[in-house]
Amino acid sequence: MRLATVIGRVTLSERHPSLKGERLLVALPWGPKTAETGKDHDYSIVVYDQLGAGVGQTIGVCESTEATRPFEKPTPVDAYCAALIDTVFFQAEEPKRA
């Protein structure tokens, strides 16, 4: 699982029957800054959401085979919103000991 920020929603005129009633979100995965662009992300992904994440919210995203695990029947999903993240604490260096 990795963290991502929701930047929008996907609207479909037709969808696969297994996706009925759920939402698709557009999210930017977190990552290290790239030297060429200086951005924290390279691309956006479409995420299947059952939890009700909103734009600007941080979410935990499972991708690939792990994204299909919550479903009983095969479902065409590449990324799944597995968690809504309230806060993130990151400490870049270990604290100095006296």
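Let me begin by describing the structure that accompanies this report. Keep in mind it's a predicted model, so treat the numbers as computed, not measured. (Residues numbered from 1 in each chain as written. Predicted model: local features only at pLDDT ≥ 70, side-chain atom pairs only at ≥ 80, totals over all residues. Heavy atoms only, no water.)

1. Observations concerning the overall build of the protein
Thought 1: A tally of regular secondary structure across the protein gives zero helices and five strands.
Thought 2: Element order for the protein, N to C, with α for helix and β for strand: β-β-β-β-β.
Thought 3: Expressed as a percentage of the 98 residues in the protein, the buried residues total 29%.
Thought 4: Long-range contacts, defined as pairs at least 24 residues apart, comprise 52% of the intrachain contacts of the protein with a sequence gap of at least 6.
Thought 5: As displayed, the protein offers around 7200 Å² of accessible surface, 51% of which is attributable to carbon and sulfur atoms. (Helix = DSSP H or I, 4+ residues; strand = E, 2+ residues; numbered from the N terminus. Buried < 20%, exposed > 50% of the residue type's maximum accessible area, 1.4 Å probe, protein only. Contact = heavy atoms within 4.5 Å. Areas by Shrake-Rupley, 256 points an atom, 1.4 Å probe, with all protein chains shown as cover.)

2. Observations regarding the packing of aromatic side chains
Thought 1: Overall, the coordinates contain one aromatic pair when judged by the stated rule.
Thought 2: Taken together, a centroid distance of 6.0 Å and an interplanar angle of 20° make the contact between Tyr48 and Tyr80 stacked. Residue Tyr48 is found in strand 3 (residues 45-49), and its partner Tyr80 is found in strand 5 (residues 79-85); the two are separated by 32 residues along the sequence.
Thought 3: Taking relative accessible area as the criterion, Tyr48 reaches 3% and is therefore assigned buried.
Thought 4: For Tyr80, a relative accessible area of 10% gives the class buried. (Phe/Tyr/Trp six-rings, centres within 6.5 Å; stacked < 30°, edge-to-face > 60°.)

3. Quick look at the pattern of salt bridges
Thought 1: Tallied over the entire structure, the rule returns two salt bridges.
Thought 2: When the shortest N-O distance is used, the salt bridge between Glu63 and Arg2 registers 2.7 Å. Placement of the pair is Glu63 in strand 4 (residues 58-63) and Arg2 in strand 1 (residues 2-10), with a sequence separation of 61 residues.
Thought 3: Between Asp49 and Arg23 there is a salt bridge; the shortest N-O distance is 3.1 Å. Pair noted here: Asp49 is in strand 3 and Arg23 is in strand 2 (residues 23-29), with a separation of 26 residues, a long-range link. (Salt bridge = Lys/Arg side-chain N within 4 Å of Asp/Glu carboxyl O.)

4. Some points on the nonpolar core
Thought 1: Listed in full, the eleven residues of the largest apolar core are Ala4, Val6, Leu25, Ala27, Ile45, Val47, Ala53, Ile59, Val61, Ala79 and Cys81.
Thought 2: Elements that contribute at least two residues to this core include exactly strand 1, strand 2, strand 3, strand 4 and strand 5.
Thought 3: Apart from the residues within four sequence positions on either side, Ala27 is in contact with Ala4, Thr5, Val6, Ile7, Tyr43, Ser44, Ile45, Val47 and Ile59. (Core = buried A, V, L, I, M, F, W, Y, C linked by side-chain atoms within 4.5 Å.)

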